[in-house]
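Overview (structure and organization)
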Amino acid sequence: MEAVELLERLSTEWGISGYENRVAAFWEKTITTVVDEVRRDRLGNAIALKKGAGEEPRPKVMVAAHLDEIGLMVTKVDKGGFLRFTTVGGFDPRVLLAKEVTVLGKKPLPGVIGAKPPHLLSAGERKEVVKVEKMFIDIGYGETRARELVSVGDPVVLKRRFERLQGKTVAGGPFDDRAGLVVLYETARELERVRHEADVYFVGTVQEEVGVRGSVVSTYGIEPDIGIAVDVGFGDMPGTSEEDTIELGKGPAVALGPNIHPNLHRDLVEVAKSRHIPYQLEIAPGPTGTDARAIQISRTGIATALVSIPLRYMHTTVETLVTSDLVNTAYLLASFIGQVDKKYLEGLKWS
Amino acid sequence: MVLKGLSEAAGVAGDEKDVRNLILDRICDLARTEIDALGNLIAFKGKGTGKPRVMLAAHMDEVGLILSRVERNGLLRFKKVGGIDDRILPSQPVRVGPGKVPGVIGAGPVHLQKPEAQRAVFKTEDLYVDIGARTREEAEQVIKLGDYISFVTAYQEFGDGLARGKAFDDRVGCTALMEILEKDYDFPVYAVFTVQEEVGLRGAGTAAFRINPDLALVVEATTCADTPETEEHGEATRLGQGPAVSLMDATSIADRRIVRHLVELADKNGIPIQYRRATAGGNDSGRIHLTRTGVPTASLSVPCRYLHSPVCVISLRDLEYTIQLLGLFLDSIQKGGFRL
Amino acid sequence: MNDLIGELTQIHGPSGNEEWVREAIRALIEPHANQVWTDALGNLIASAGREGGTRVMLSAHMDEVGVMVTHVDEEGFLRFDRVGSINPYFLPGRRVVFANGTVGTIGTERLDSIKDLEVSRLFIDIGARNRSSALEKVRVGDLATFWGPVHNMGDTILAKSLDDRIGCAVLVQTLKELQETPNLVFFVFTVQEEVGIRGARTAAYGLDPEVGIAVDVTATGDTPKARRLEVSVGKGVAVKIKDRSVMTHPAVKKLLVDAAEEQGIPYQFEVLEFGGTDAGAIHLTREGVPSGVLSIPVRYVHSPSEMASLEDAENCVRLLKQVLSRPIRLD
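Residues numbered from 1 in each chain as written. Chains lettered and ligands numbered in written order. Predicted model: local features only at pLDDT ≥ 70, side-chain atom pairs only at ≥ 80, totals over all residues. Heavy atoms only, no water.

Turning next to the overall build of chain A. Looking only at helices and strands, chain A features 10 helices and 17 strands. Its C-alpha atoms give chain A a radius of gyration of 21 Å, near enough to 20 Å, the size a compact globule of 351 residues would have. Projected onto its principal axes, the C-alpha positions of chain A cover 70 × 40 × 35 Å. Within chain A, buried positions represent 60% of all 351 residues. Counting only contacts in chain A whose residues sit at least 6 apart along the sequence, the fraction spanning at least 24 positions is 77%. Just so you have it, chain A exposes about 13,900 Å², and 50% of that area is on carbon and sulfur atoms. Where the 44 positive side-chain charges of chain A centre and where its 49 negative ones centre are 4 Å apart. (Helix = DSSP H or I, 4+ residues; strand = E, 2+ residues; numbered from the N terminus. Rg over C-alpha atoms; globule rule 2.2 N^0.38 Å. Buried < 20%, exposed > 50% of the residue type's maximum accessible area, 1.4 Å probe, protein only. Contact = heavy atoms within 4.5 Å. Areas by Shrake-Rupley, 256 points an atom, 1.4 Å probe, with all protein chains shown as cover. Lys, Arg positive; Asp, Glu negative; His and termini not counted. Charge placed at Lys NZ, Arg CZ, Asp CG, Glu CD.)

By size, the foremost hydrophobic cluster in this structure holds 91 residues, and its most contacted members are B:I23, B:F193 and B:F329. Per-element tally for this core: the top contributor is helix α9 (residues 316–334) of chain B, with 8 residues. Excluding residues within four positions of it along the chain, B:F329 makes contact with B:L215, B:L217, B:I258, B:H261, B:L262, B:L265 and B:F338. Grouped together as the second largest cluster of nonpolar side chains are 71 residues, A:I16, C:A159, C:V215 and C:A313 included. (Core = buried A, V, L, I, M, F, W, Y, C linked by side-chain atoms within 4.5 Å.)

Packed helices, taken two at a time, are described by the angle between their axes plus the distance between the axes. Residues and elements named next belong to chain C. Taken N-terminus to C-terminus, the directions of helix α6 (residues 250–263) and helix α8 (residues 310–324) make an angle of 110°; their axes are 9 Å apart at the nearest point. The angle between the axes of α6 and α8 places the two elements in the roughly perpendicular class. Contacts between α6 and α8 involve L255, L256, A259, A260, E262 and Q263 from the former and R318, L319, Q322 and V323 from the latter. A class-by-class count of the residues in the contact of α6 with α8 yields 6 nonpolar, 2 polar and 2 charged. (Axes fitted to C-alpha atoms, helices over the stretch in contact; angles between N-to-C directions. Parallel < 35°, antiparallel > 145°, perpendicular 65-115°, else oblique. Nonpolar A, V, L, I, M, F, W, Y, C, P; charged D, E, K, R; others polar.)

Before going further, it helps to spend a moment on the domain arrangement of chain A. Residue and element names in this part refer to chain A. Taken domain by domain, chain A consists of domain 1 (3–69 + 173–347) and domain 2 (71–158). Once you take the C-alpha centre of each, domain 1 and domain 2 turn out to be 33 Å apart. At the boundary of domain 1 with domain 2, total buried surface from both sides reaches about 1,000 Å², with 75% on carbon and sulfur atoms. Among the residues of domain 1 in contact with domain 2, W14, I16 and H315 are the three that bury the most area, contributing 54% of the side total. Linking domain 1 with domain 2 are 1 residue pair in polar contact (both at pLDDT 80 or more), by the criterion used here. Here the residues of the side of domain 1 that touches domain 2 sort into 4 nonpolar, 4 polar and 2 charged. (Domains from an automatic or database assignment. Buried area = accessible area lost by both parts, 1.4 Å probe. Polar contact = N/O pair within 3.5 Å; in protein donor to acceptor, adjacent residues only side chain to side chain.)

This part is about the pairing of strand β7 (residues 103–108) of chain C. Residue and element names in this part refer to chain C. Bridge analysis of strand β6 (residues 95–98) against β7 gives 3 bridges, and the strand direction is antiparallel. By the bridge assignment, V97 is partnered in β7 with V103. Between β6 and the antiparallel strand that follows it, β7, lie 4 residues; G101 among them carries a positive phi value of about 95°. (Pairing = 2+ DSSP bridges.)

This is the structure we're talking about:
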């Protein structure tokens, strides 16, 4: 499957934090064709192992992207059958109004996030951001039927529509971090052609959006020599500073900062240069808000890297990216992993 | 003086190499050493099979800056690494990157600012480092994106037995740990010089996981506000009144058996000691004590005024007392005078 | 159960000072457990059931919120910091009690506005006339907890520290009443939950369980103009779906709900937008432990007047017994 098709397919699956089963299942089904083993750990992380050609014990490289997306959860079936909800993960409440949703009750229920029409708003109300606690979901049923179909705690997902924009640009979501899952698949596919000594663990992690949780336990279990997180980074757009963003279509951003082993950063950049893969830099002054945060401090410490796919409008239903960035990221990772051997691990030691 | 060299070395969190090498130079003949995946320097001393396994920890890193963008005109934008008060940044001299390129933190002159702007704190994003380069290309010949930027203060002793300098947090702890490696022990002592404490206690936990100690003692520099404009009950510690032993902070509750023992040892040997009279803040104890099945942990700190600034002030007597007490603590374990 | 809960709430046990609670619970459970021990951080652990069975960790925390003395001034007033999260507005006028029985009341400096109320503007008055007489009773570093006797009103119990002595009581009672279980069950009474879910983390690492269930209290939305929360006192034990520390594992949720349905035990679903429990630490242990939480609804949490329903606690015991009665298998 081509990257863009896989992205479209993965982004139609539902999987808010803690309920990633559908995304995991589809991703496993796809990646299993290009790896040796696939398993699920006790918290639901999907782990695909592609064995290396080196002699045992082989170096272990873990490449992680998260399965989960941010979403909503029912907190109350209110009078009239309207559903009150809370957010799971960091939503900007301003992007929630007037959205189509699916409530995962006894069966999937279409609904809309309702709002008072502008005609009835006072001048003051019109200027104010509506708080999540004031919003509600209308599933078109009265209270009795709503109570039969919906319980407190049912997940709610935002409707997504995959849009092919100009060139290689696509919009929709959640590409955070389904784009990373596509990169993992593409990397594994690329590694079919590249001789690699290391065992490579491709991990679809759970519950990243609620506190990088899945990577805590999956890293502990795998105990890799090198960990690489693949996530999305803030794409350039008006109103943001160039300092804080990366450009769409200019290749993956290779992060640097305390969360990143300096040699891994240096060597990813070297590989990009020597293979003529476009790349950018991203500065992370402290622990990043990605799986790299947890991977680095697992057990006795893991040499960790982070590559970010440029993405605009993060945490909305119109996340936008350029698919060539996915392919380039995968190519970069596969090329890098191809050179990881025992000697390379020795070189990671601090002098 | 070990502290002078350590204090003047650059070691922003994530870039502790210079400090590590300095320490390694001094201790490599005294102890077996190892550097782990994150860059923690672990020095081992004593008998491997004895009990208890003791971990001492001091962090090598300091707060600082990281270069995040080179402007067309050669000025450097930066982000903070660790907790720095924005108000202390303007007009500080700094060193940039491995080449230690000198620079200054500039801000618009007060003459050109509107009155309301004059009253506001400079934000990090409004400041920049000027290394004298006139263009991006010129700057990029000596620096590169992601370079760490550190303060630069010459260590100086002054006043009544005080010293001023940068990064006393936690080079005083490093100094103390280096001192105790001079002696031998008949139980395993791991002196760990940790990385990345200032960005979330990142190094200590992985080192503790490896060592799996029976007890741990963190040697730190801690807040001291025995200064004007602070009420007595907010001063946390006082300079010159000996090492401060923590009871509780935001990341851990000290093991009371260790605390009691430290206080008793100090009292018995005429060493002044004080409690850290605040619960805000945290240190490596926060990670160490929660490692594996749990590690009884306490911390002993040298009071330090103006923490996280380029002009830290300590009392050298406090440091001396801290080293003495640390030595007595290890001696008492050696003699079987302390068991958990 | 009533007496057990009441008795446990009256024991002094702020975070890090759980020894008296630990000794009281140890005496209660020793006759009923295979083995009882304490770990390096002070967690009390009792094992029951069959070796080789599914390893289940049940946890309830022994510690309660409190205050710690940070300074004794010349007039004998005590300055303090909070231990655990306490709304500062709950503090003025409250009485607190130290481990040695010393009682004090919390006073405030003169405030121009109630909005200026911060913990640094509060002090404890133990009736001392000066520093030295204060120091005869209390020293820097000493901890105090809310003072308050137990009050019973039919099914309703009003007491300090129901968070989480009511959970401790549920675990004690469950262990006592548990006839037989094919699982290997660890009843863990944890330390330092209120200051960052600490004890459960190291206990879980040591026990390496396959399933974790925390028993703790939860806030409610059943008081006038309360924050929206579909949990009420007296409507049954709450099966947590999420809080800030954990998303309950779907298989554990099913395990708990099935058990409740089978026995006709009333239950509610809890979606909490704040707070955390021991399950937050347990589920991230080692390679991951599917975990969930049974919550006893409690009004006015972290005040001297926490209020709960005895029936909810009894139902929690019934539910746990049902869960443990057969081999636990998660699918």
